[in-house]
Amino acid sequence: MAMAVLSSSLSPLSNPLSPSTSASNFCCPRIYSPSYHLRRRLIRPLIASQLCPPETFKLDKSSLVLAETLSKDQLWAAACLRIRSFNKFRPSYGIDDHKKYLAEREFEALQERVAGKREGFRRVSCINATVPLSQISSFADDLCAACKFTDNGEDRVVVGTLDLNQCMRLPDEITGKRPQGIGADFLRAYLSNVCVAEELHRNGLGYALIAKSKIVAQEWGITDLYVHFAVDNEPAKQLYMKSGFIYENDEPAWQARFLDRTRRILLWTSLPVNYDM
């Protein structure tokens, strides 16, 4: 399956990226230039998915690692992948400085979220898919340079990432309805900032990340998991539907116009109760 990014949106303060954070970065990255950014001043958080169809490399999954991380080096690599995946940059003077600025904003916000310092979030986990740098360095120089980190002396690259957010709602996104009543803030979670490096689309990394996030969510005691995607993002829809999510709600057109973005769809799936907690 081809894939570029999935995700759910967060507010500029909770996630400096344009939540595609909430829906996904699978195929319609935002186009930025420094002058455009200065006009807008703020960047919305990311959604959950966007898929693109460039030529891709067949990945040897024997060395693929899917895991949560608190490592600063790996969080930085994940932030760089998100900026790279959710935006298209026109060549222009100062564009590298602009990319670095955006990555620094996302890195700072990501560190705060996983450290439990963002109001409204009970718990946030950054889950990454990583491979050895040596496996992809021959065809993905830019990806390796931007998203490399070192783990126990081995150079690896973040090739996919997402956030699992235990909370009642994500900023500026449709709120899930399940479960109802007391304890909903403990039992509900959302996926956001879901993305996969475009060079490695069609390797099943999106499915693998979502499967891993379900395992972690179940360990937390989550019973209801949500994800957002843009209404025109058919690849993201197919990814989530095939991963067990079903339709729950969609964003009113007036709200999308007010937030100056494509209308969002909210999907839901239930998770088995973990009685071993």
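All values reported here derive from a predicted model rather than from experimental measurement.

### Observations regarding the overall build of the protein
Step number 1: Secondary structure assignment for the protein yields 9 helices and 13 strands.
Step number 2: For the protein, the proportion of its 277 residues judged to be buried stands at 56%.
Step number 3: Counting contacts in the protein only where the partners sit at least 6 residues apart, residues at least 24 apart contribute 78% of the total.
Step number 4: Just so you have it, the protein exposes about 12200 Å², and 53% of that area is on carbon and sulfur atoms.

### Focus: the packing of helix α2 (residues 72-86) against helix α3 (residues 95-114)
Packed helix pairs are specified by the crossing angle of their axes together with the interaxial distance, meaning the distance between the axes.
Step number 1: Following both chains from N to C, one finds α2 and α3 inclined at 130°, their axes separated by 8 Å at the closest point. Taken together, α2 and α3 sit at an angle that is classed as oblique. Crossing hand, α2 versus α3: right-handed. Counted together, Lys 72, Leu 75, Trp 76, Ala 78, Ala 79, Cys 80, Arg 82 and Ile 83 of α2 and Lys 99, Lys 100, Leu 102, Ala 103, Glu 104, Glu 106, Phe 107, Leu 110, Gln 111, Arg 113 and Val 114 of α3 form the full contact between these two elements.
Step number 2: For the contact of α2 with α3, the residue count by class is 11 nonpolar, 1 polar and 7 charged.

### Here we look at the confidence of the model for the protein
Step number 1: Looking at the protein, the pLDDT average stands at 84 and 79% of residues meet or exceed 70.
Step number 2: At the level of individual helices and strands, the protein shows its lowest average pLDDT in strand β2 (residues 19-20), which scores 40, and its highest in strand β7 (residues 123-132), which scores 98.
Step number 3: Considering only residues more than four positions removed or in separate chains, one finds that residues 9-23, a stretch of pLDDT under 50, has 127 contacts.
Step number 4: Between residues 31-53, whose pLDDT stays under 50, and residues either more than four places distant or in other chains, the model counts 149 contacts.

### Notes on the pairing of strand β13 (residues 264-270)
Step number 1: Counting buried residues along β13, 6 of its 7 residues qualify, which places the element largely inside the surrounding structure.
Step number 2: Summarising the sheet, strand β11 (residues 224-230) and β13 pair through 7 bridges and their orientation is antiparallel. Each residue of the ladder has a partner; that of Leu 225, found in β13, is Thr 269.
Step number 3: As paired elements, strand β12 (residues 246-250) and β13 share 4 bridges and run antiparallel to each other. The residue bridging Asn 249 from the neighbouring strand is Leu 266, located in β13.

### Observations regarding the pairing of strand β10 (residues 188-196)
Step number 1: Counting buried positions along β10 gives 9 out of 9 residues, so the element sits mostly inside the fold.
Step number 2: Pairing geometry for strand β9 (residues 154-166) and β10, over 6 bridges, is antiparallel. Of the residues in β10, the one forming a bridge with Thr 161 is Cys 195.
Step number 3: Sheet topology note: the β10/β11 ladder contains 3 bridges and is parallel. Across the sheet, residue Tyr 190 finds its bridge partner in β11, namely Tyr 226.
Step number 4: Taken together, β10, helix α7 (residues 205-220) and β11 constitute a β-α-β crossover, and its handedness is right-handed.

Basis of the calculations
- Residues numbered from 1 in each chain as written.
- Predicted model: local features only at pLDDT ≥ 70, side-chain atom pairs only at ≥ 80, totals over all residues.
- Heavy atoms only, no water.
- Helix = DSSP H or I, 4+ residues; strand = E, 2+ residues; numbered from the N terminus.
- Buried < 20%, exposed > 50% of the residue type's maximum accessible area, 1.4 Å probe, protein only.
- Contact = heavy atoms within 4.5 Å.
- Areas by Shrake-Rupley, 256 points an atom, 1.4 Å probe, with all protein chains shown as cover.
- Axes fitted to C-alpha atoms, helices over the stretch in contact; angles between N-to-C directions.
- Parallel < 35°, antiparallel > 145°, perpendicular 65-115°, else oblique.
- Left-handed = near helix turned anticlockwise from the far one by under 90°.
- Nonpolar A, V, L, I, M, F, W, Y, C, P; charged D, E, K, R; others polar.
- pLDDT = per-residue confidence, 0-100.
- Pairing = 2+ DSSP bridges.
- Right-handed = clockwise from strand over helix to strand, strands pointing away.

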